[in-house]
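Residues per chain are reported as follows:
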Amino acid sequence: MNRRRAYEDDGDFYGERSRKRRRVSENQEMEERLETLILRVGENSSSSLESNLEGLVSVLESDLGNFRSKILRILSECPIKMPEKCTIYSTMVGLMNAKNYNFGGEFVDHMVKTFKESLKQCRWDAARYALRFLSDLVNCHVISTNSLLQLLDNMVDAANEDSVPQVRRDWYVFAVLSTLPWVGRELYEKKESALENLLVRIEVFLNKRTKKHHNSLRVWSVDAPHPQEEYLDCLWAQIRKLRQDNWAEKHIPRPYLAFDSVLCEALQHNLPLIHPPPHQDSFEYPMPWVVYRMFDYTDCPAGPILPGAHSIERFLIEEHLHSIIEAHHWERKDCAANLLNLSYKDKIPLEYCIVEVIFAELFKMPTPRYLDICYGSILIELCKLQPSKMPQVLAQATEILFMRIDSMNTSCFDRFANWFSYHLSNFQFRWSWDDWDSCLLLEPEHPRPKFIEEVLLKCLRLSYHDRFKEMMPETYSKLIPKPPMPTYKYTMEGAASLPGTATAHKLVVAIRQKCTPEDVLNELKDLPNPRETSENDMVESTFNPLKIDVFVQTLLNLGSKSFSHTFAAISKFHLVFKTLAETEEAQICILHNVFELWVNHQQMMVVIIDKLLKTQIVECSAVATWVFSKEMVGEFTKMYLWEILHLTIKKMNQHVTKLSKELSDAKERLDRNAESSSSESEEETAPAGTDAVTPQRRRKKPIGDNADKPTEEQVERMEEKLEAAYVDQKRLFLIIFQRFIMILSEHLVKCDTDGRDYDTDWYRWTVGRLQQVFMMHHEQVKKYSSTLESLLFTSDIDPHILDVFHQFTALRS
Amino acid sequence: MTSVHTPSVALSKYRDQHFKGSRHEQERLLRLTSTLYIGNLSFYTTEEQIHELFSRCGDIRRIVMGLDKFKKTPCGFCFVEYYARDDAESAMRYINGTRLDDRIVRVDWDAGFVEGRQYGRGKSGGQVRDEYRQDHDLGRGGYGKMVQMGQLGANMRDS
């Protein structure tokens, strides 16, 4: 491998050093080599880590004269970029400090600066890794125990500030707790009472803390067999366990122990007094999470034992695996290889740990940090790299997830179904379905048969209908989707009695003969409006549902051969759509007709509605109203309908984001222009309009800028447009949440008066979908929290519904 | 998501020889494009299937199916155009080399679809690779065209 070769080259470097040093022109090259050496230290090599460290330290020490700032910079970046190698770098700094006290001092200053900067810039993980490194420097006799305790104490002070968001306070405690595995033992040995005092303060903090957010972040609503612990609670339990064990842990490699005799001679530095930067409203803190657990030691066959849920090793392994995913998620193959190559792999059931951590990320609430398919593709690579173990562990995980699906939250249910269908499609759709056939006896709305039904629908999208014959046992026939064909009523039996049939047939001929949109409108002209005969006489709109019915179903049926045919048809007859559907009511009518024709082809419905939104034939609010309409009641618990609602919300969000970005760009250009034009006028003497004599550079710049420069008026118009978009967005969310509240309240009241249990499958799906809207779009919904609270989620509505809203607001409180 | 340049999104060695413009211009476009060429598809794989898989990386602007020049039937490739470069990069990272319809699909950058490029460039109407292929590939019409012709000739001699 390249990496290996590079390392061996570096090995030569020690020998060739003096020769190369003579060539001053190679300074740059030297810097790069130093950087490579530092970055690579601790990676596989033939010699021991200790001798590598000693060698590298002496190289660095002798090069300090020339490359001091470079070395400082690299050494302070490494433990943040590669947190798993924290103790290697702390050993290096410790050895450097023992040789050169001044350098040690400079380094501490540098690291403190990095820490403070990270806090100011809200780079929370970087700050945590910097703090961890500072703590580990205590182990290496670079920093004094007292001054570190002072810092940790100040951080707990920050956690106890009043009137700052809880997420901020939580982070400070999390940072302190998560650094203790590294430095706990040292503090315990040197300053036991101060450490105890720190822990007491943390315990007091944790006992007072509210956890309203906890339920909305859980993957499962029940705690059997594994509790879904809130992250701080879990880490606290792990730290308490560590304290019980006298702070002895077995996971972190500690190369400095080998250098104890050198390091204990070194002089220590005191950290300066560090006060966390005060809270600002612009600061965004990490949201809380739950610690995802799906395995315990009984799940893993003979071999190394899975550490218990409250052992600190579990925390350290998980954190390590998460950081590997973070570092390598751009390259799925590297990611899989690095996960399988975990330094601790022989002492733990590695495949189980990896699968658990990947599902933890996939099921992370409110949203996973990377695309679902990123995790899916990493799992495929893992199966390829480790074919003897990984597929079995993954199958076991799937089995566990399926068994526990009754209490799984709806967002995770969707992600699970999407992943599983994708995974099956990469492995010839092979699965032992027979093992699951007991679920066929359950009610169709029960999560288990529902899951299989949804997975099969997704498999159908990725393959073809005939595939089910080979792939599914016959017992599953009732869950197998119908063939995805259009249902065109105007050629079916009984069509003669339909009022639109004659026109529909004429329309088919006309469209086949490549008629114009105007011709279509002409063909439709004579269709009577059924609404005018009813009591709706007074309605002044031109909306004619029969015209829409005949046109939409006939056109889309003609284009039914593929997505492309359908899209081409929609775009060619855009004018007809627009003419027939000026009002929201008419747009909803279009949607009903799409549904009627394509009731057996969900994916087609999804892409058609997406297209109708993009071409502005229907508005987002119409789609939302349609989703909750009476006609869709039978579809209400199906995944595709929510796929449609979420894509609609996303369209709206993207629109708002785009307009707000355009506005801020325009404002920036306006400001910049105001500045540059004033400075321009000083040097630019030639009056505008004179050419030829003016040097090109000078002439071009103001012209270019002016072309770029928006006028005040333009900016104003952009502001108005953005305002209007905000109004639309708010209205969309209000429609959706109001509909949810209506149907849920109706259900609860009805169950109450009928004396029935409200907690039905339908109720769970519906509450789950409500939660999903909050979670998936939390970034956008949060803007309207106070409006929602005052208009919709008021104290008089049912507490079950209100609770969902309060859990959402608690995410950032 | 900010884009990070790693090997799986780097330009491959392949360059479309029919590109109208300089090599430099072609490479510039390849670095900016949101269009992908998808290869090694089965002739039976539909636009719908491709849409389902590739939409998992982001919103798709359009899919152009590759067609046999003469028969106007799918011939095993297509272009997928995203709205955003980032989404196309995700497809390069996470879909290239995985399966669709039981086949390992090839995903590569494309400088942008131009009318006419949807047709196969092989003599027989399909893709050039299907002219010379020696193996039997049920998803792509059996043996390569040359082999088929040879066999046809052999059969005729036999009879």
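Source: prediction; values computed, not measured.

## A few points about the overall build of chain A
Next, step 1: In terms of regular secondary structure, chain A is built from 36 helices and two strands.
Next, step 2: Overall, chain A is about 100 × 85 × 55 Å in size when its C-alpha atoms are taken along their principal axes.
Next, step 3: Residues classed as buried in chain A amount to 54% of the 813 residues present.
Next, step 4: Partitioning the contacts of chain A with sequence separation of at least 6, the portion at a separation of at least 24 is 75%.
Next, step 5: Put simply, chain A has 99 plus and 118 minus side-chain charges, and the middle of one group is 4 Å from the middle of the other.

## Focus: unusual backbone geometry
Next, step 1: The omega torsion across Ala 224 of chain A and Pro 225 of chain A is -5°, close enough to zero to call that bond cis.
Next, step 2: Mapped onto the secondary structure, Pro 225 of chain A falls in the loop between α10 (214-217) and β1 (229-230).
Next, step 3: Between Met 365 of chain A and Pro 366 of chain A the backbone carries a cis peptide bond, its omega angle lying at 0°.
Next, step 4: Assignment of secondary structure puts Pro 366 of chain A in the loop between α15 (350-362) and α16 (372-385).
Next, step 5: Although it is not a glycine, Ser 163 of chain A sits at a positive phi angle of roughly 45°.
Next, step 6: The topology assignment puts Ser 163 of chain A in the loop between α7 (145-159) and α8 (166-190).
Next, step 7: For Ser 163 of chain A, a relative accessible area of 77% gives the class exposed.
Next, step 8: Even without being a glycine, Asn 40 of chain B presents a positive backbone phi close to 60°.
Next, step 9: Inspection of the secondary structure puts Asn 40 of chain B in the loop between β1 (35-39) and α2 (47-54).
Next, step 10: Assessed through its relative accessible area of 21%, Asn 40 of chain B is described here as partly exposed.

## Digging into the packing of helix α5 (residues 101-120) of chain A against helix α6 (residues 124-139) of chain A
Angle between the axes and distance between the axes are the two parameters that describe a pair of packed helices.
Residues and elements named next belong to chain A.
Next, step 1: Where α5 meets α6, the axes come as close as 8 Å, and the angle between the chain directions of the two elements is 155°. For the element pair α5 / α6, the angle class is roughly antiparallel. Of the two elements, α5 crosses α6, and the hand of that crossing is left-handed. In this structure, α5 uses Phe 107, Met 111, Val 112, Phe 115, Ser 118 and Leu 119 to contact α6, whose residues at the interface are Trp 124, Ala 126, Ala 127, Ala 130, Leu 131, Phe 133, Leu 134 and Leu 137.
Next, step 2: Class assignment of the residues belonging to the contact of α5 with α6 gives a composition of 13 nonpolar, one polar and no charged.

## A few points about the UniProt feature "domain: RRM" in chain B
Next, step 1: Look at the UniProt record and you will see "domain: RRM" annotated at residues 34-112 of chain B.
Next, step 2: Helix and strand shares over residues 34-112 of chain B are 23% and 39% respectively, and the end C-alpha atoms of the span are 8 Å apart.

## Comments concerning the pattern of salt bridges
Opposite charge on two side chains allows them to pair when their charged atoms are near.
All names here are of chain A.
Next, step 1: Overall, the coordinates contain 73 salt bridges over all chains when judged by the stated rule.
Next, step 2: Between Glu 326 and Arg 369 there is a salt bridge, and its shortest N-O distance comes to 3.6 Å. Of this pair, Glu 326 sits in helix α13 (residues 312-328) while Arg 369 sits in the loop between α15 and α16, and the two are 43 residues apart along the sequence.
Next, step 3: On the basis of relative accessible area, Arg 369 is assigned to the partly exposed category, the value being 36%.
Next, step 4: Residue Arg 756 is joined to Asp 754 by a salt bridge in which the shortest nitrogen-to-oxygen separation is 3.5 Å.
Next, step 5: Assessed through its relative accessible area of 45%, Arg 756 is described here as partly exposed.

## Digging into the domain arrangement of chain A
Accessible area lost during the coming together of the parts is what is often quoted as the interface size.
Residue and element names in this part refer to chain A.
Next, step 1: Taken domain by domain, chain A comprises domain 1 (28-264), domain 2 (311-476) and domain 3 (619-671 + 712-812).
Next, step 2: The straight-line distance from the C-alpha centre of domain 1 to that of domain 3 is 42 Å.
Next, step 3: Residue-level contacts link seven residues of domain 1 with seven residues of domain 3.
Next, step 4: A combined buried area of about 640 Å² lies between domain 1 and domain 3, and 63% of that area is made up of carbon and sulfur atoms.
Next, step 5: The interface formed by domain 1 and domain 3 includes one salt bridge.
Next, step 6: When the shortest N-O distance is used, the salt bridge between Asp 803 and Lys 212 registers 2.8 Å.
Next, step 7: Remark: the boundary between domain 1 and domain 3 carries two residue pairs in polar contact (both at pLDDT 80 or more).
Next, step 8: Looking at the side of domain 1 that touches domain 3, the element that brings in the most residues is α10, giving three residues.

## A short note on the UniProt feature "domain: MIF4G" in chain A
Next, step 1: Per the UniProt annotation, the sites labelled "domain: MIF4G" are residues 31-243 of chain A.
Next, step 2: Across residues 31-243 of chain A, helical content stands at 78% and strand content at 1%; the span's end C-alpha atoms are separated by 44 Å.

## Notes on the sheet that holds strand β2 (residues 60-67) of chain B
Residue and element names in this part refer to chain B.
Next, step 1: Across the sheet, which stays open at both edges, the four strands sit in the order β2-β3-β1-β6 with antiparallel pairing between neighbours. Edge positions in the open sheet fall to β2 and β6 (106-110), since each of these has one partner strand only. Pairs of neighbouring strands in the sheet enclose a mean axial angle of 25°, with direction left out of account.

## As for α8 of chain A
Next, step 1: The principal kink in α8 of chain A, of about 70°, is found at Trp 182 of chain A.
Next, step 2: The buried fraction of α8 of chain A is high, at 20 of 25 residues.

## A few points about the pairing of β2 of chain B
All names here are of chain B.
Next, step 1: Bridge analysis of β2 against strand β3 (residues 74-82) gives six bridges, and the strand direction is antiparallel. Pairing of Met 65 across the sheet is with Cys 78, part of β3.
Next, step 2: Linkage of β2 to β3, two consecutive antiparallel strands, is achieved through a turn of six residues, within which Lys 72 is found at a positive phi near 55°.

## Digging into the nonpolar core
Next, step 1: Counting residues in hydrophobic clusters, the biggest one holds 103 residues, and the most contacted among them are Phe 359, Trp 433 and Phe 451 of chain A together with Phe 54 of chain B.
Next, step 2: In terms of residue count, the dominant contributor to this core is α15 of chain A (ten residues).
Next, step 3: When sequence neighbours within four positions are dropped, the list of residues in contact with Phe 451 of chain A reads Phe 402, Ile 405, Phe 413, Phe 416, Ala 417, Phe 420 and Trp 436 of chain A.
Next, step 4: Core analysis: the second largest hydrophobic core is formed by 93 residues, Leu 56, Tyr 89, Trp 124 and Leu 134 of chain A among them.

## As for the side chain of Asn 426 of chain A
Next, step 1: Mapped onto the fold, Asn 426 of chain A is located in helix α18 (residues 410-426).
Next, step 2: Other than its neighbours up to four places away in sequence, Asn 426 of chain A contacts Ile 380 of chain A together with Thr 98 and Arg 99 of chain B.

## What to know about the interface of chain A and chain B
Next, step 1: Contacts between the two partners involve 33 residues from chain A and, on the opposite side, 30 residues from chain B.
Next, step 2: Interface of chain A and chain B: buried area, both sides summed, is about 2,700 Å²; carbon and sulfur atoms make up 48% of it.
Next, step 3: Here chain A is connected to chain B by four salt bridges.
Next, step 4: A salt bridge links Lys 614 of chain A to Asp 59 of chain B, with the nearest nitrogen and oxygen atoms 3.1 Å apart.
Next, step 5: Elements with a minimum of two residues in the side of chain A that touches chain B: α16, α18, α19 (447-462), α25 (563-572) and α28 (602-614) of chain A.

## Some thoughts on the side chain of His 592 of chain A
Residue and element names in this part refer to chain A.
Next, step 1: Tracing the backbone shows His 592 in helix α27 (residues 584-597).
Next, step 2: Polar contacts involving the side chain of His 592 include one to the side chain of Trp 626, which spans 3.3 Å.
Next, step 3: Dropping the residues within four chain positions of it, His 592 is found in contact with Trp 626, Ser 629 and Glu 631.

## Some remarks on the packing of aromatic side chains
Residue and element names in this part refer to chain A.
Next, step 1: Following the criterion strictly, the structure yields 54 aromatic pairs over all chains and no others.
Next, step 2: Taken together, a centroid distance of 5.2 Å and an interplanar angle of 90° make the contact between Phe 359 and Trp 419 edge-to-face. Linking Phe 359 in helix α15 with Trp 419 in helix α18, this pair joins segments that are 60 residues apart in sequence. With respect to burial, Phe 359 and Trp 419 carry one shared label: buried.
Next, step 3: Of note, Arg 132 hangs over the ring of Trp 182, and the distance from its end group to the ring centre comes to 3.9 Å.

Rules of the game
- Residues numbered from 1 in each chain as written.
- Chains lettered and ligands numbered in written order.
- Predicted model: local features only at pLDDT ≥ 70, side-chain atom pairs only at ≥ 80, totals over all residues.
- Heavy atoms only, no water.
- Helix = DSSP H or I, 4+ residues; strand = E, 2+ residues; numbered from the N terminus.
- Buried < 20%, exposed > 50% of the residue type's maximum accessible area, 1.4 Å probe, protein only.
- Contact = heavy atoms within 4.5 Å.
- Lys, Arg positive; Asp, Glu negative; His and termini not counted.
- Charge placed at Lys NZ, Arg CZ, Asp CG, Glu CD.
- Axes fitted to C-alpha atoms, helices over the stretch in contact; angles between N-to-C directions.
- Parallel < 35°, antiparallel > 145°, perpendicular 65-115°, else oblique.
- Left-handed = near helix turned anticlockwise from the far one by under 90°.
- Nonpolar A, V, L, I, M, F, W, Y, C, P; charged D, E, K, R; others polar.
- UniProt positions renumbered as here; feature names shortened; annotations may be inferred.
- Salt bridge = Lys/Arg side-chain N within 4 Å of Asp/Glu carboxyl O.
- Domains from an automatic or database assignment.
- Buried area = accessible area lost by both parts, 1.4 Å probe.
- Polar contact = N/O pair within 3.5 Å; in protein donor to acceptor, adjacent residues only side chain to side chain.
- Pairing = 2+ DSSP bridges.
- Bend = angle between axes of the 7 residues up to and from the residue.
- Core = buried A, V, L, I, M, F, W, Y, C linked by side-chain atoms within 4.5 Å.
- Phe/Tyr/Trp six-rings, centres within 6.5 Å; stacked < 30°, edge-to-face > 60°.
- Lys NZ or Arg CZ within 6 Å of the ring centre and 35° of its normal.

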